[in-house]
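Chains, contacts and geometry: an overview
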Amino acid sequence: MGEIETIIQDLAASHKFFNVMNGISEIKISKESCSFSPEQEARIALEWAKLINLGKVRYSTPLVAAHVHSITFNGGKLNIPVYSTDFMHYRATLDDNNTRVWAVGVSGLTRLLCDSGIFYLFGERNGKNLNTGGLLENVPGGFMEPDNLTNPYPIKSTYLSELVEEVGIPFSEEIKLKPLYVAQLRTDSRPGGRNYQDLCIEFSADIHGITPEQTQRYFMEKFKEREHSRLHLINSEDLPKFVKENLDRFTLRTRHTLQMELASYIHG
């Protein structure tokens, strides 16, 4: 087994994505509604109060969740019915066996295509681990919000909003998005890992004509307080080495995406 195959195997063993849908040509978001029973709302309010008292959460923000059992996928066309909710309903039901709120998250495996080469874009989260440093992840990425549903293209709207918020790259840059996969993430297989209820929509995102130096300037000049402490711009030739050296630092979503991307290094 070659080195890249070994890295892919290690990545695959470190996450538990399921209901993975590949070969997507089109994604449609259908806006629907959802209501919770008084008993469910009472449990959610009680759990939320506990989380606040423990200092695990501070406030709730709007987000979008999916009716995952009503998703349809035919002929490459994926339809995802969604509804508006908030972080409280998502976070307070992570360990509730009777209620599931599947938050819709959008992120991109972002590449800069310029004269000097192809560069992969990763963000290092704020908050340092004493042994490994901050977690590494694809940027941009974030939960879809109800405001995104007012846009004719809510997934692209989410990606572009996060791109400005996290990196500072403006909408004016030439950006091409292509679906990679949609999958559900429920558990972290690593020791001490927590539960999730995420419907992950992953894209490859190619940004043409912008250099790593320009990207770093966007990042440094636009923000005083950032979700990420730094950006890593990795030449495509160095990606396998970078992944191998930082395997334990990647978020679960990024691990799955890198698993697929490195497979393309082998199969073309």
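The coordinates are above.
Analysis parameters
- Residues numbered from 1 in each chain as written.
- Predicted model: local features only at pLDDT ≥ 70, side-chain atom pairs only at ≥ 80, totals over all residues.
- Heavy atoms only, no water.
- Helix = DSSP H or I, 4+ residues; strand = E, 2+ residues; numbered from the N terminus.
- Contact = heavy atoms within 4.5 Å.
- Salt bridge = Lys/Arg side-chain N within 4 Å of Asp/Glu carboxyl O.
- Buried < 20%, exposed > 50% of the residue type's maximum accessible area, 1.4 Å probe, protein only.
- Phe/Tyr/Trp six-rings, centres within 6.5 Å; stacked < 30°, edge-to-face > 60°.

1. Observations regarding the environment of L121
You can see L121 is positioned in strand 7 (residues 117–125). Sequence spacing of L121 and I234 is 113 residues, and the spatial spacing of their C-alpha atoms is 6.7 Å. Once residues lying within four places of it in the same chain are set aside, the contact partners of L121 are T110, E137, N138, V139, V167, T215, L231, H232 and L233.

2. Digging into the pattern of salt bridges
For the coordinates displayed, the defined rule picks out seven salt bridges. Residue R111 pairs with D206 through a salt bridge whose shortest N-O separation is 2.9 Å. Taken together, the positions of R111 in strand 6 (residues 102–114) and D206 in strand 11 (residues 195–208) put the pair 95 residues apart, joining distant regions of the chain. R111 gets classed as partly exposed once you look at its relative accessible area, which sits at 21%. A relative accessible area of 16% places D206 in the buried class. Note that R253 is salt-bridged to E202, the shortest N-O span being 3.3 Å. Pair noted here: R253 is in helix 7 (residues 252–267) and E202 is in strand 11, with a separation of 51 residues, a long-range link. Each member of the pair R253 and E202 is classed as buried. Ionic contacts of the salt-bridge type, sharing partners, join the residues D198, E202 and R253 into one network.

3. Quick notes on the packing of aromatic side chains
Tallied over the full model, the rule gives eight aromatic pairs. Look at F18 and W102: their rings are 6.2 Å apart centre to centre, the planes differ by 75°, and that puts the pair in the edge-to-face class. Of this pair, F18 sits in strand 1 (residues 16–21) while W102 is found in strand 6, placing the two residues 84 residues apart along the sequence. Both rings, one in W48 and one in F87, keep their centres 6.1 Å apart while their planes meet at 80°; by these two values the pair is edge-to-face. Pair noted here: W48 is in helix 2 (residues 38–53) and F87 is in helix 3 (residues 87–91), with a separation of 39 residues, a long-range link. Using a relative accessible area of 9% as the deciding quantity, one classes W48 as buried.

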